[in-house]
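# Structure at a glance
Chain residues, written in single-letter form:
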Amino acid sequence: SAGVIAEGYRLNIAPRVVPPAPGRSAPPARIRADEAVVSCSSPAVVVETVNPADDGSGDLIVRVYESGGARSTFVLTFAETPTSVSVTEVAIMA
């Protein structure tokens, strides 16, 4: 079940906070420490990774996947309203 996968992530992968690279300033502290940067409306969809873009633009790369192997409808909610969103679907079949 989707709940088992979410619990596995919470149990096995601790959240990681990475300080800004030398010469780059930290983003404004508008997000509370106990607030998710991105959350999802569907328990079957896992927000696996939230990373800053490598180009230093301040953009976020959000990786999600459907844990049950089916298509799901879901809504991502961001702690801050994004100025734009691009969606890329990559299907990886084993």
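The structure under discussion appears in the preceding block.
Now for a look at the structure at hand. All of these numbers come straight from a predicted model, not from anything done at the bench.

## Overview of the overall build of the chain
Across its full length, the chain carries 1 helix and 4 strands. Going from the N terminus to the C terminus, the chain shows its helices and strands as α-β-β-β-β. Burial analysis of the chain (94 residues in total) assigns 10% to the buried set. Sequence separation of 24 or more characterises 48% of the internal contacts of the chain that already satisfy a separation of 6 or more. Looking at the chain as shown, the accessible area adds up to about 8000 Å², and 56% of this sits on carbon and sulfur atoms.

## Observations concerning a nonpolar patch on the surface
Taken together, the side chains of Val37, Val50 and Leu60 define a hydrophobic patch exposed on the protein surface, amounting to about 200 Å² of accessible area. Position of Val37 relative to the elements: it lies in the loop between helix H1 (2-12) and strand E1 (38-40). Here Val37 falls in the partly exposed class, since its relative accessible area comes to 33%.

## Section: the environment of Ser57
Relative to the elements of secondary structure, Ser57 occurs in the loop between strand E2 (45-52) and strand E3 (60-66). On the basis of relative accessible area, Ser57 is assigned to the partly exposed category, the value being 42%. There is a polar contact of 2.7 Å between the side chain of Ser57 and the side chain of Asp55. Side-chain polar atoms of Ser57 contact the side chain of Asp59, separated by 3.2 Å.

## Here's the deal with the environment of Val4
Inspection of the secondary structure puts Val4 in helix H1. For Val4, a relative accessible area of 58% puts it in the exposed group. Along the chain, Val4 and Pro43 lie 39 residues apart, while their C-alpha atoms are 9.8 Å from each other.

## Some remarks on the side chain of Thr49
Tracing the chain through its elements places Thr49 in strand E2. Beyond its immediate stretch of four places on either side in the chain, Thr49 contacts Ile61, Val62 and Arg63.

Cut-offs and rules
- Residues numbered from 1 in each chain as written.
- Predicted model: local features only at pLDDT ≥ 70, side-chain atom pairs only at ≥ 80, totals over all residues.
- Heavy atoms only, no water.
- Helix = DSSP H or I, 4+ residues; strand = E, 2+ residues; numbered from the N terminus.
- Buried < 20%, exposed > 50% of the residue type's maximum accessible area, 1.4 Å probe, protein only.
- Contact = heavy atoms within 4.5 Å.
- Areas by Shrake-Rupley, 256 points an atom, 1.4 Å probe, with all protein chains shown as cover.
- Patch = residues over 30% accessible without salt bridge, like charges linked within 9 Å, V, L, I, M, F, W, Y side chains within 5 Å.
- Salt bridge = Lys/Arg side-chain N within 4 Å of Asp/Glu carboxyl O.
- Polar contact = N/O pair within 3.5 Å; in protein donor to acceptor, adjacent residues only side chain to side chain.

None of this, on its own, says anything about what the molecule does.
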